[in-house]
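# Architecture at a glance
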Amino acid sequence: LSTAQRQGFMPYKLEYFDLLWQTFSPQNWITLLIACYENEAVSAQLLIPFGDTVIAKIVGWSGAHSSRHPNDALYWASILWAIEHGYRYFDFEGVDPQNAIKRSNGQKLPSATNSSQDTIKYGYGGEVLLYPQAFDYLPNKMLNWGYRHIMRMKEDSSLTYRLMEHLRKR
C-alpha cells in the first residue's frame, strides 16, 4: 500500500493476494521474502516459480530506511533464493515498455529513469525480453467501440483509469 500511495497506482486488493496464496502455496509455487531492518519489515517480494524461471511478481517498500536500499537487498536475496532452488532464470517483471524497447535497441534511456525501479533491475544485467502485447476483445460492438475510443485517451488520466476499470468489470 505504501508503494502504491507513493507511486500513485491502484494496489491489488487483499483478496487477490489471499487467492494467489491459496492457489499456489499447496504446490510450493509461491514464496514471500521480507527484508527487515532492526526487526522492522521494510520491503517484501512475492516470487512465483514457473518452469526454470522465478518471477518477481510484486515488490513493496514501506518507504523507510531508503539509505539502506532494502529493495536492492531483497532483489539480490531473491536471485540467490532462485539459484539455491535450482532455477535458471530470474524475471524482474514490470519494466516500463517504452524504455525496455529503447534499451533493447541500444538507445540511451531518459535521465528521469535513473531514479526508477527499472534502473535497479537493469543494474543486474541480463536481457530485456519483450512479450507480445495483450489485447482485449469485447463482442458487443458498441462496448468495443467505446473501449477502443477510451484507450486512445491519455492513459495516465485518473478518469480514464476509472472508466477502464468500470468497463473491465462489465
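Reference entry: report on the structure contained in this document. (Residues numbered from 1 in each chain as written. Predicted model: local features only at pLDDT ≥ 70, side-chain atom pairs only at ≥ 80, totals over all residues. Heavy atoms only, no water.)

All right, on to the packing of aromatic side chains then. Under the counting rule described, the total for this entry stands at nine aromatic pairs. With a centroid separation of 4.1 Å and an interplanar angle of 10°, the aromatic rings of tyrosine 12 and tyrosine 16 are classed as stacked. Here tyrosine 12 falls in the partly exposed class, since its relative accessible area comes to 46%. Of the residues examined, tyrosine 16 reaches a relative accessible area of 28% and is grouped as partly exposed. Pairwise contacts between aromatic rings join Tyr75, Trp76, Phe90, Phe92 and Tyr124 into one cluster. (Phe/Tyr/Trp six-rings, centres within 6.5 Å; stacked < 30°, edge-to-face > 60°. Buried < 20%, exposed > 50% of the residue type's maximum accessible area, 1.4 Å probe, protein only.)

For the structure on display, the rule yields one salt bridge. One salt bridge connects lysine 57 with glutamate 93, and the closest N-O pair in it is separated by 3.6 Å. In this pair, lysine 57 is assigned in strand β3 (residues 53–61) and glutamate 93 in the loop between β4 (89–91) and α4 (97–104), connecting sequence segments 36 residues apart. In this structure lysine 57 comes out as partly exposed when scored by relative accessible area, which is 28%. (Salt bridge = Lys/Arg side-chain N within 4 Å of Asp/Glu carboxyl O. Helix = DSSP H or I, 4+ residues; strand = E, 2+ residues; numbered from the N terminus.)

Tracing the backbone through its elements, the reader meets glutamine 45 in strand β2 (residues 40–50). Other than its neighbours up to four places away in sequence, glutamine 45 contacts Thr31, Leu32, Leu33, Ala56, Lys57, Ile58, Val59, Leu74, Tyr75 and Ser78. (Contact = heavy atoms within 4.5 Å.)

On a regular strand, each side chain points to the face opposite its neighbour's, so the side chains alternate between the two faces of the sheet. Here strand β1 (residues 31–37) runs beside β2; their pairing, made up of seven bridges, is antiparallel. For leucine 32, the partnering residue across the bridge sits in β2 and is leucine 46. Taking the residues that link successive antiparallel strands as the turn, the β1-β2 hairpin has two residues, and the phi of glutamate 38 there is positive, at about 50°. One ladder, built from eight bridges, connects β2 with β3; its direction is antiparallel. For isoleucine 48, the partnering residue across the bridge sits in β3 and is isoleucine 55. Connecting β2 to the antiparallel partner β3 that follows it, the hairpin turn spans two residues, and glycine 51 within it adopts a positive phi of roughly 60°. (Pairing = 2+ DSSP bridges.)

Purely geometric numbers; function is a separate question.
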